[in-house]
Amino acid sequence: MADPKHLETTEVKPKSMEDPYLWLEEIEGHKALTWVNQQNTCTLSRLEASPT
């Protein structure tokens, strides 16, 4: 029987459980900053069109 102190475990996630937004965690990454800038532009346009 193996000694439990020396066992290693590895968590394996099915592909369907992977986080599709993990790239946003890199908050200073090019892809994340580009996405944020695009969202800000869209939001600002909507707010300026309807300021009330």
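Residues numbered from 1 in each chain as written. Predicted model: local features only at pLDDT ≥ 70, side-chain atom pairs only at ≥ 80, totals over all residues. Heavy atoms only, no water.

Participant: How would you summarise the overall build of the chain if you had to cite specific residues and measurements?
Facilitator: Of the regular secondary structure elements, the chain holds 1 helix and 0 strands. Out of the 52 residues belonging to the chain, those deemed buried represent 4%. Accessible surface for the chain amounts to roughly 5,600 Å². Of this, 56% is attributable to carbon and sulfur atoms. (Helix = DSSP H or I, 4+ residues; strand = E, 2+ residues; numbered from the N terminus. Buried < 20%, exposed > 50% of the residue type's maximum accessible area, 1.4 Å probe, protein only. Areas by Shrake-Rupley, 256 points an atom, 1.4 Å probe, with all protein chains shown as cover.)

Participant: Quick one: what's the story with the packing of aromatic side chains, residue by residue and with numbers?
Facilitator: According to the stated counting rule, one finds 1 aromatic pair in the structure shown. With 6.2 Å between their ring centres and 85 degrees between their planes, Trp 23 and Trp 35 make a pair best called edge-to-face. On the criterion of sequence distance, the pair formed by Trp 23 in the segment before helix H1 (30-49) and Trp 35 in helix H1 is long-range, its members being 12 residues apart. Judged by relative accessible area, Trp 35 falls into the partly exposed class, the value being 37%. We note Lys 31 situated over the ring of Trp 23; from NZ or CZ to the ring centre the distance is 4.8 Å. (Phe/Tyr/Trp six-rings, centres within 6.5 Å; stacked < 30°, edge-to-face > 60°. Lys NZ or Arg CZ within 6 Å of the ring centre and 35° of its normal.)

Participant: I'd like a rundown of the environment of Leu 22, residues and numbers included.
Facilitator: Looking at where Leu 22 falls in the secondary structure, it is placed in the segment before H1. Once the C-alpha coordinates of Leu 22 and Ala 32 are considered, the two residues, 10 residues apart in sequence, prove to be 9.9 Å apart.

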